[in-house]
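# Structure at a glance
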Amino acid sequence: MAKLIDGKKISREIKDELKEKVAALGQKGITGCLAVVQIGSDPASSVYVRNKKRACEYIGIGSVSHELPEETTEAQLLELIDRLNRDKNINGILVQLPLPEHMDENKIICAIDPAKDVDGFHPYNTGALVSGLPGYLSCTPAGIIQLLKRSGVSISGKQCVIVGRSNIVGKPMALLMLRENATVTVTHSRTKNLADVCRKADILIVAMGKPRFIDASYVKSGAVVIDVGIHRSPDNSLCGDVDFDQVMPLTEAITPVPGGVGPMTIAMLMNNCVEAMTRA
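Let me begin by describing the structure that accompanies this report. The model shown is predicted, which means the values in this text are computed figures rather than measured ones. (Residues numbered from 1 in each chain as written. Predicted model: local features only at pLDDT ≥ 70, side-chain atom pairs only at ≥ 80, totals over all residues. Heavy atoms only, no water.)

### Points about the sheet that holds strand β8 (residues 224-227)
Pairing is parallel in the open sheet, where six strands are placed in the order β1-β11-β8-β7-β5-β6. Among the strands making up the open sheet, the edge pair consists of β1 (3-4) and β6 (183-187). (Pairing = 2+ DSSP bridges. Helix = DSSP H or I, 4+ residues; strand = E, 2+ residues; numbered from the N terminus.)

Structure follows, in structure tokens:
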């Protein structure tokens with residue numbers, strides 16, 4: 001029987017641990033505040049922003065919200081980021097992605113002070129990850145490491161296949177798995193015989209953005225499967241990149257969608273925010 005990896009439970013454990021750390025820091029007069037910037041009113045982005053504010057409230061740190069209209073110019077956003085960079089009361093800055101088409105996402109990410117880049121997207125922090133230096137980790141990959149470890153999944157020496165090579169998940173995920181002594185293969189849209197490659201995985205991490213693409217033919221018996229994708233089905237239900245019903249019986253452990261990776265991303269964002277408090 002496959003073990004269901006419960007991201008809600010594990011994320012709650014992490015947030016409870018962080019709540020204790022924040023209380024201890026507060027006794028030393030150290031406080032934290034996250035600035036969240038949202039451009040436009042995309043419904044999914046609004047939900048994510050609301051969840052991040054709630055998480056801040058839960059662990060005991062402040063949050064300020066800057067909700068700007070869709071027509072906000074790139075120059076205006078850069079000006080706001082500059083103000084937040086210089087504000088000593090702000091420990092972390094998060095600009096909700098995706099941005100409107102008239103803005104250069106890379107330019108905006110690079111404008112954030114790396115010391116306040118709690119998303120872990122700034123080139124300084126991604127470079128620190130490559131070099132093994134201290135820096136903020138990208139939240140979703142860091143959350144997956146915690147899911148595996150706290151579920152008793154051994155990583156060292158295992159064959160890990162990652163489906164997807166994005167800067168947000170695929171690439172940092174590969175580096176973190178290497179740090180944990182896994183042997184890592186990164187696959188993508190040009191990979192030949194993808195199913196054959198995936199079937200070699202002891203740990204299969206899927207972040208490709210295609211609903212229910214990974215079926216039983218991609219998974220070997222006894223694998224651990226982590227599904228990063230989230231999509232809205234025609235019947236309004238949520239699904240991932242993995243065909244859960246097909247794949248689940250083959251696995252040793254698997255994440256559901258929803259309730260798997262998603263809650264961990266916010267938990268690790270909170271972890272970065274607390275780390276920012278200790279660096280201040």
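So that's the structure; there's more coming.
### Digging into helix α7 (residues 170-179)
By the burial criterion, the buried members of α7 are Gly170, Pro172, Met173, Ala174, Leu176 and Met177. Phi turns positive one or two residues past the end of α7, at Asn181, with a value near 70 degrees. (Buried < 20%, exposed > 50% of the residue type's maximum accessible area, 1.4 Å probe, protein only.)

### Concerning the side chain of Ser45
By secondary structure assignment, the location of Ser45 is in helix α2 (residues 43-59). Residue classification places Ser45 among the buried residues on the basis of a relative accessible area of 6%. The residues touching Ser45, leaving out its near neighbours within four places in the chain, are Gln38, Gln96, Leu97 and Pro98. (Contact = heavy atoms within 4.5 Å.)

### Brief notes about the pattern of salt bridges
Counting across every chain of the model gives 10 salt bridges. Where Asp196 meets Arg199, a salt bridge forms, and the shortest distance between an N and an O atom there is 2.3 Å. You can call Arg199 partly exposed: its relative accessible area is 35%. Between Asp202 and Lys220 there is a salt bridge, with its nearest N and O atoms 2.8 Å apart. (Salt bridge = Lys/Arg side-chain N within 4 Å of Asp/Glu carboxyl O.)

### Let's talk about the packing of aromatic side chains
Counted according to the given criterion, the structure contains one aromatic pair. A cation sits over an aromatic face here: Lys19 above Tyr58, 4.4 Å from the ring centre. A cation over a ring is seen here: Arg279 above Tyr136, with NZ or CZ 4.1 Å from the ring centre. (Phe/Tyr/Trp six-rings, centres within 6.5 Å; stacked < 30°, edge-to-face > 60°. Lys NZ or Arg CZ within 6 Å of the ring centre and 35° of its normal.)

### Some points on the packing of helix α6 (residues 139-150) against helix α10 (residues 262-279)
Where α6 meets α10, the closest approach of the two axes is 8 Å, and the angle between their N-to-C directions is 105 degrees. Taken together, α6 and α10 sit at an angle that is classed as roughly perpendicular. Contact with α6, carried on its side by Cys139, Thr140, Ala142, Gly143, Gln146 and Leu147, involves Met264, Thr265, Met268, Leu269 and Asn272 of α10 and no other residues of that element. For the contact of α6 with α10, the per-class residue count stands at six nonpolar, five polar and no charged. (Axes fitted to C-alpha atoms, helices over the stretch in contact; angles between N-to-C directions. Parallel < 35°, antiparallel > 145°, perpendicular 65-115°, else oblique. Nonpolar A, V, L, I, M, F, W, Y, C, P; charged D, E, K, R; others polar.)

### Examining α10
End to end, α10 covers 27 Å across 18 residues, agreeing with the expected 26 Å (1.5 Å per residue, within 8%). Elements that come into contact with the buried residues of α10 comprise α1 (7-27), β2 (33-39), α2, β4 (92-95) and α6. (Expected span 1.5 Å × (residues − 1).)

### Observations regarding the nonpolar core
If you look at the biggest cluster of nonpolar residues, it comprises 51 residues, and the most contacted ones within it are Leu34, Leu148, Met177, Ile203, Ile205 and Met270. The dominant element in this core, judged by the number of residues it contributes, is α10, at 10 residues. Residues within four places of Met177 in sequence aside, it is in contact with Ile145, Leu148, Ile155, Cys160, Ala182, Val184, Ile203 and Ile205. Within the second largest apolar cluster, 18 residues are counted, among which are Ile39, Ile90, Met103 and Ile108. (Core = buried A, V, L, I, M, F, W, Y, C linked by side-chain atoms within 4.5 Å.)

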